[in-house]
Amino acid sequence: MKYPSVLLITVFLASCGGDSEPAADPSLDDAAAEYQEEVKTKVRASAVKALAREWDVDEDNVECVLEKVRISQIEQVEVDAEVQAAFKDCNVDPAVVR
C-alpha cells in the first residue's frame, strides 16, 4: 500500500511544478542594472582622474580622448593612427603615454 501513496505524491508534486524555478522579480533586474550603471560611472570617473594625473592634463581632455577611443586602445597610441588622431584632436600629446 506504500507504493500507491508514493506514486500519488510524486504525481501531485509534478503537476504542481515542484521542479520549476520561481518567477524572477523584475524589480531586482532593474535594481541590478541601476547599480551596474552607478559602478560603471564611478569607475570611469576614477580612471579619468588617474589618467589626468598621470598625463598631467585636464580631466576634460582625458574625457575627450575616452569618448573617441576605448581605454584598452590607449596603449596602442604609438602604432595606431586612429588613437593618435584622438589624442591630437583632444589636445593631448600622445607622448604622455608611457
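Further up the page is the structure itself.
Notes on the structure follow.

So, unusual backbone geometry
With a phi angle near 60°, Asp56 is a residue other than glycine that sits in the positive phi range. With respect to the helices, strands and loops of the structure, Asp56 is situated in the loop between α2 (26-55) and α3 (59-68). For Asp56, a relative accessible area of 71% translates into the label exposed. Even without being a glycine, Asn91 presents a positive backbone phi close to 60°. Relative to the assigned elements, Asn91 resides in the segment after α4 (81-89). The class for Asn91 is exposed, based on a relative accessible area of 66%.

Overview of the pattern of salt bridges
One pass over the structure, following the stated rule, counts 1 salt bridge. Notably, a salt bridge pairs Glu63 with Arg44, separated by 3.3 Å at the nearest N-O pair. You can see Glu63 sitting in helix α3 and its partner Arg44 sitting in helix α2, a full 19 residues away along the chain. For Arg44, a relative accessible area of 34% puts it in the partly exposed group.

Here is what the cut-offs are and how they apply
Residues numbered from 1 in each chain as written. Predicted model: local features only at pLDDT ≥ 70, side-chain atom pairs only at ≥ 80, totals over all residues. Heavy atoms only, no water. Helix = DSSP H or I, 4+ residues; strand = E, 2+ residues; numbered from the N terminus. Buried < 20%, exposed > 50% of the residue type's maximum accessible area, 1.4 Å probe, protein only. Salt bridge = Lys/Arg side-chain N within 4 Å of Asp/Glu carboxyl O.

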